[in-house]
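# Observations on chain architecture
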Amino acid sequence: MSESRESYPAHWEADIVLRDGGTARIRPIVPDDADRLVAFYQLVSDQSKYYRFFAPYPRLSAKDVRHFTHHDFVDRVGLAALVNDQFIATVRYDRIDETGRPSGTGTEAEVAFLVQDAHQGRGVASALLEHIAATARERGIRRFVAEVLPENRKMAKVFTEAGYTQQRSFTDGVLHFELDLAPTEESLAVMRAREHRAEARSMQRLLAPRSVAVIGAGRNPVGVGRTLLRNLLAGGFTGPLYAINRAAADPTAELGELDGVPVHASIADVAEPVDLAVVAVPAEQVPDVVADCGAAGVRGLVVITAGYAETGLDGRARQRELVRQARAAGMRVLGPNAFGLINTDPAVRLDASLSPQLPRRGPLGIFTQSGAIGAALLEAAHRRGLGISSFASAGNRADVSGNDLLQFFEEDEATGVALLYLESFGNPRKFSRLARRVAARKPLVVVKGGRDTRSIPAGHAAAIRRIADSTVDTLFQQAGVIRVDTITELYDAADLLAHQPLPAGPRLAIVGNSDSVGLLTHDAALGAGLQPLLPHDLTTSATPDDFRRGLRAAIDRPDSDAVVAVVIPPIGAGGFPSFPGSGLISRTNLPPVAERLPLLDLAPLAAALRDSAARARDAGKPMVVVHLAMPELVDLISEPPAEPTTPAPAPGSTPGVAPGQAAALVPAGSAPGAAPAQAAASVSGGSVPAGSAPGVAPGQAAASVPAGSAPGVAPGQAAASVPAGSAPGAAPAQAAASGGAGVPTVGGPAPSAAPGVRGAPAVTAAEPVPGGSAASGGPGEGNEPPAQPRAGRVPGYPRPERAVRALAHAARYAQWRVWSAEPRAFPEFDDVAEQRARAIVAEALGGSKEAVLDAATAARLLACYGVRVESGDPGPKEPGAVDTTVSASVDPAVGAILAFGLAGVASELLGDVAHRLVPATAAESAGLIREIKAAPLLFGWHGSEPVDTDALELLLLRVSQLVDDLPEVASLTLEPVRVGRKGLTVLGAEVRLARLPARTDLGPRALA
């Protein structure tokens, strides 16, 4: 038997994540692995050798080594799992015939495993079984057989829990297993459950390290590495911190410590284990750093360094090598060109990022690909008083992606709502599967940038899939993802979803003291697809008790699912900000008598609204507030003020309101916590100035970083931007430019930490009360973690359309939750002739890669699925009949997509087409018809007779099943489909066939 029947199968190589979150590489065993095999075998215990060979087998002979390293990759295949280029486990199969003898034609193979004892329990054998089964199926093997000693319980468990159809027997003291290798629903579920646990664990290792080293921290006070070290200290990281700078090897450098943290020349010099390394060295030094980290047993890397795929082909090659090198050493990589990682868990307090302050603790988990957007997200959350559980900005997304964070967010109890900013997809099928599972447990809100695929950043080199935006909408809709367009809308929705119950339906009660704002809210709700009740106007003279009674009535109504409280300041009240048209409610230019009017005491009104919100929550109904320039009211509703500790107020003033405070409040109509510059640049789609992205390479010119940008910019930044006595890494220009409303700086110099001991306690700036503006003081000062927003937080919005848009997102998501909880059932048609259809497809394709069917063949193929195409003259069009179009096409990134619209101008010119992923259920088919804007024409518009939509739904289901059964059908169009009052007629059909690449999402687990 030849040992070179097939060339080396490089496509069998794969990086995998193991059960504990570490990585390994799987690849075929080749003759050059002889020394690796011998070294591996020497580290295996005698007991494990006995379990493998059923007898004492202390060493491998030269003949054994040759046998186990020389394969033909067809009848005899061996795979190994490697870490740091050394074997940790092996698996092999040998094809056999029905008698159990070696064979070149059989469909069975004997399989055997050997795992180094130090790596047992990490899920290595389970991963190897998935991969060796895939290679065997590729080579025509349909069944594995294996014999296991009864005391080898671990190996027996690998087989029994694999999910394959199997038979087990016990003969002559040996367990005998037979596994059918065809994937089953159970085997896929097992594989995906293991994938989920492993990838979630790998993210936990990054986000909750026991110790951190900053590689590249130096004397430059504004250098990237020094800034990262300072941010870790300021955040109060609870584990040991180390600084790594190769200049420390020179005794004359006198670089023993930085900010109280011990400095080592290499990570190899650190005596204790290091879990996470934050890398901020020039790109050309990164390979040596990664090699040192792998040898030292580091578990994960955050690579801030830029200069990779975003710079061109050479940078892309460096990026691929970075990932290959790190994974081979068992490490995951966030980055390169990353903004960093944050975990606000009080037991961790990790700020391994360019953010100068650890955010307040809260229920929002955030992932972003863009560092600039990541900074904007952190700032916007701070200004709105929203807390964060964890944050990751992946930069070029070379390894860790949004899919990995979804796996973590699903398991993380501290994350109540997952927020993602995505610019590209690496694996859309996997994203859809994970998003659907996560959304079934907690809301998932996504800002999807790059609607025009030409705008996807060049750095995203990890298998980008360019898919149509309409396809993205379909994918999100069926997966339960809430898609928004801006950061403002993202947090509007998140605030509601995190702090209020989901509405049971779309019915909205509106109560307030302004009929005009109430009507605007009503109209905005209609436009958002909600069902608003007529507003209840309490008049402008409404008292707090009037609000309490009116809201109680609205909450208690059986025909309301959510409540909006509309609040404007009473006419004549003082103490509110000045803005155009505010003369009625401001003290500006008022007569002397009016100037002596006391400021309005908002506490009674806040108490009424707070009590009403609690009543609504008890009733399972969300309540939000639409206010006119009253953010301080939202503060009081969400967080009652503490007992006063200041002297009694002066006559004529209101307790708790300092003189002159009103002038600093947010102008009317502005978003609470909206940064003006941010809204103009980041939110509205403006480009980020060149050089402002985080993760710039050391030595980058300071001129490329705008004044007031976040810390962590290039080391060449002018030191003059950090005045003496200011916080390390702070940008004074930022505070001056934004009126003190930007990300607050850290107060005072970074405290010291003893060498090799835990990081210094946190020193955080004053933060706003949840819901308030950045200018207001609040809890979370000093060394204690910022307080988590109260469960009773009531979202407040300065404009009606923002409030109802958030409610509409919540209502649709709640409806999806109900729908997704029911099992997806697909209809079965008794008249389907699948085998005949397959024969037609095979004959039409022949040896070609593509084929367009003629009309007769297309009609024969469709007839196999009960779809009759009218070949003759259909005759005159029935009065009231509607011509429609039904189509299906395959997008290699996401699979087959079913589409429906009206024939002609509506779909071709106006794009009035609805989509669903295949296979579609009956409910999805019905929703597809009703989703298009022209749907009323099908259901009796202006007194016309409704057409037979039941027949149309059945047609859609038959087409869905055809495309799902026959993956070679690349596109199918039925047009026109004339639908009458009873039945329909298909008047034209076009079918294109193509041999598409095999689906990778059904194969063994592997990192992209």
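A brief report on the enclosed structure follows. Note that the structure is a prediction, hence the values are computed from the model and not measured.

This brings us to the overall build of the protein. Along the protein, the regular secondary structure elements total 27 helices and 35 strands. Across the 1008 residues in the protein, those meeting the buried criterion constitute 55%. Put simply, of all contacts in the protein between residues at least 6 apart along the chain, 72% involve residues at least 24 apart. Carbon together with sulfur atoms contributes 54% to the accessible area of the protein, which is approximately 41700 Å² in total.

For the rest of this paragraph, the subject is the nonpolar core. In terms of nonpolar packing, the biggest core is built from 108 residues, with Leu350, Leu419, Leu420, Phe431, Tyr491 and Leu508 touching the most fellow members. With residues up to four places along the chain from it excluded, the contact list for leucine 420 reads Phe367, Leu406, Phe409, Phe431, Leu444, Val445, Val446 and Val447.

Attention shifts here to helix H18 (residues 603-618). Spanning 16 residues, H18 covers 22 Å between terminal C-alpha atoms, matching the ideal 22 Å at 1.5 Å per step. Of the positions making up H18, those classed as buried are Leu605, Ala606, Ala608, Leu609, Ser612, Ala613 and Ala616. Buried residues of H18, viewed axially, fall in a sector of 160°; they line one side. On its buried face, H18 is in contact with helix H16 (544-556), strand E26 (562-567), strand E27 (623-627) and helix H19 (631-638).

With the rule as written, the count across this model stands at 47 salt bridges. In this structure, the salt-bridge partner of arginine 210 is aspartate 275, at a minimum N-O distance of 2.8 Å. Pair noted here: arginine 210 is in the loop between helix H6 (185-207) and strand E9 (212-215) and aspartate 275 is in the loop between strand E12 (261-264) and strand E13 (276-279), with a separation of 65 residues, a long-range link. Looking at arginine 210, the relative accessible area reads 53%, which means it is exposed. Across the pair arginine 981 and glutamate 878 runs a salt bridge, and its minimum N-O distance is 3.2 Å. Placement of arginine 981 in the loop between strand E33 (969-979) and strand E34 (984-986) and of glutamate 878 in the loop between helix H24 (855-863) and strand E30 (882-891) is noted, with a sequence separation of 103 residues between them. Since its relative accessible area comes to 46%, arginine 981 is described here as partly exposed. Members of the salt-bridge network, linked through shared partners, are Glu13, Asp15, Arg25, Arg327, Arg332, Asp399 and Asp404.

Before going further, it helps to examine the sheet that holds strand E3 (residues 76-83). What the eight strands build is an open sheet, ordered E1-E2-E3-E4-E5-E6-E8-E7; its pairing is mixed. Single-partner strands in this sheet number two, and they are strand E1 (14-17) and strand E7 (166-171). Neighbour-to-neighbour, the strand axes of this sheet turn through a mean angle of 25°, independent of strand direction. With four bridges joining them, E1 and strand E2 (residues 23-28) adopt antiparallel strand pairing. Paired with valine 17 across the two strands is threonine 23, which belongs to E2.

Here the focus is the packing of aromatic side chains. Applying the stated rule across the entire model yields 14 aromatic pairs. Where phenylalanine 339 meets phenylalanine 391, the ring centres are 6.2 Å apart and the plane angle is 80°; that geometry is what we call edge-to-face. Of this pair, phenylalanine 339 sits in the loop between strand E15 (332-334) and strand E16 (340-343) while phenylalanine 391 is found in strand E19 (residues 388-393), placing the two residues 52 residues apart along the sequence. Note on accessibility: phenylalanine 339 and phenylalanine 391 belong to one class, buried. Note on tyrosine 813 and tryptophan 816: the rings are 6.4 Å apart at their centroids and 15° apart in plane angle, and the pair reads as stacked. You can see tyrosine 813 and its partner tryptophan 816 sitting in helix H22 (residues 800-821), three residues apart, about one turn around the helix. Given a relative accessible area of 2%, tyrosine 813 falls into the buried group. Sitting above the plane of the phenylalanine 829 ring, arginine 958 keeps its charged end 4.2 Å from the centroid.

Counting through the fold element by element, threonine 885 comes out in strand E30. Apart from the residues lying within four places of it in its own chain, the contact partners of threonine 885 are Ala899, Phe900, Gly901, Leu902, Ala903, Ser907, Thr973, Leu974 and Glu975.

Within H24, the full set of buried residues consists of Thr857, Ala858, Leu861 and Leu862. Seen along its axis, H24 keeps its buried residues to an arc of 135°; they face one direction. Structural note: H24 exposes Ala855 and Ala856 on the side pointing more than 90 degrees away from its buried face. Residues of H24 that are buried make contact with helix H23 (834-845), helix H27 (949-965), E33 and strand E35 (989-994). Between the side-chain oxygen at the start of H24 and the backbone nitrogen of alanine 856 there is a gap of 3.2 Å, and the oxygen is on aspartate 854.

This paragraph deals with the environment of alanine 994. Mapped onto the elements, alanine 994 comes out in strand E35. With 146 residues separating them in the primary sequence, alanine 994 and serine 848 have C-alpha atoms 8.3 Å apart.

Bringing the pairing of E2 into the picture now. Burial analysis of E2 places five of its six residues in the buried class, which makes it a mostly covered element. In this antiparallel pair of consecutive strands, E1 and E2, the connection spans five residues, and glycine 21 shows a positive phi of 95°.

Within the fold, valine 794 resides in the loop between helix H21 (732-737) and strand E28 (796-797). When the C-alpha positions of valine 794 and valine 625 are compared, they lie 7.3 Å apart, and in sequence the two are 169 residues distant. Among all residues touching valine 794, those that are not within four sequence positions of it are Gln500, Ala613, Met623, Val624, Val625, Val634, Ile637 and Ser638.

Let us now look at the sheet that holds strand E10 (residues 241-244). Strand order across the open sheet formed by seven strands is E11-E12-E10-E9-E13-E14-E15, with mixed pairing between neighbours. Where the open sheet ends on each side, the last strands, each with one partner, are strand E11 (257-258) and E15. One ladder, built from two bridges, connects E11 with E12; its direction is antiparallel. Opposite glutamate 257, over in E12, you have proline 262 as the bridge partner. Here helix H7 (residues 224-235) sits on the sheet in contact with E9, E10, E11, E12 and E13, set at roughly 160° to E9.

Time to look at the packing of helix H11 (residues 402-411) against helix H12 (residues 428-439). One way to put it is that H11 packs onto H12 with a least axis distance of 10 Å and a crossing angle of 15°. Classified by the angle between their axes, H11 and H12 sit roughly parallel to one another. For the pair H11 and H12, the crossing hand works out as left-handed. Residues Asn403, Leu406, Gln407 and Glu410 of H11 form the contact with H12, whose own contacting residues are Lys430, Phe431, Leu434, Ala435, Arg437 and Val438. Its residues assigned to classes, the contact of H11 with H12 shows five nonpolar, two polar and three charged.

A cluster of nonpolar side chains, namely Val905, Leu909 and Leu910, defines an oily patch on the protein surface of about 360 Å² accessible area. Assignment of secondary structure puts leucine 909 in the loop between helix H25 (905-908) and strand E32 (913-917). What makes leucine 909 exposed here is its relative accessible area of 67%.

The rules behind the values
Residues numbered from 1 in each chain as written. Predicted model: local features only at pLDDT ≥ 70, side-chain atom pairs only at ≥ 80, totals over all residues. Heavy atoms only, no water. Helix = DSSP H or I, 4+ residues; strand = E, 2+ residues; numbered from the N terminus. Buried < 20%, exposed > 50% of the residue type's maximum accessible area, 1.4 Å probe, protein only. Contact = heavy atoms within 4.5 Å. Areas by Shrake-Rupley, 256 points an atom, 1.4 Å probe, with all protein chains shown as cover. Core = buried A, V, L, I, M, F, W, Y, C linked by side-chain atoms within 4.5 Å. Expected span 1.5 Å × (residues − 1). Arc of directions from axis to C-beta. Salt bridge = Lys/Arg side-chain N within 4 Å of Asp/Glu carboxyl O. Pairing = 2+ DSSP bridges. Axes fitted to C-alpha atoms, helices over the stretch in contact; angles between N-to-C directions. Phe/Tyr/Trp six-rings, centres within 6.5 Å; stacked < 30°, edge-to-face > 60°. Lys NZ or Arg CZ within 6 Å of the ring centre and 35° of its normal. Polar contact = N/O pair within 3.5 Å; in protein donor to acceptor, adjacent residues only side chain to side chain. Parallel < 35°, antiparallel > 145°, perpendicular 65-115°, else oblique. Left-handed = near helix turned anticlockwise from the far one by under 90°. Nonpolar A, V, L, I, M, F, W, Y, C, P; charged D, E, K, R; others polar. Patch = residues over 30% accessible without salt bridge, like charges linked within 9 Å, V, L, I, M, F, W, Y side chains within 5 Å.

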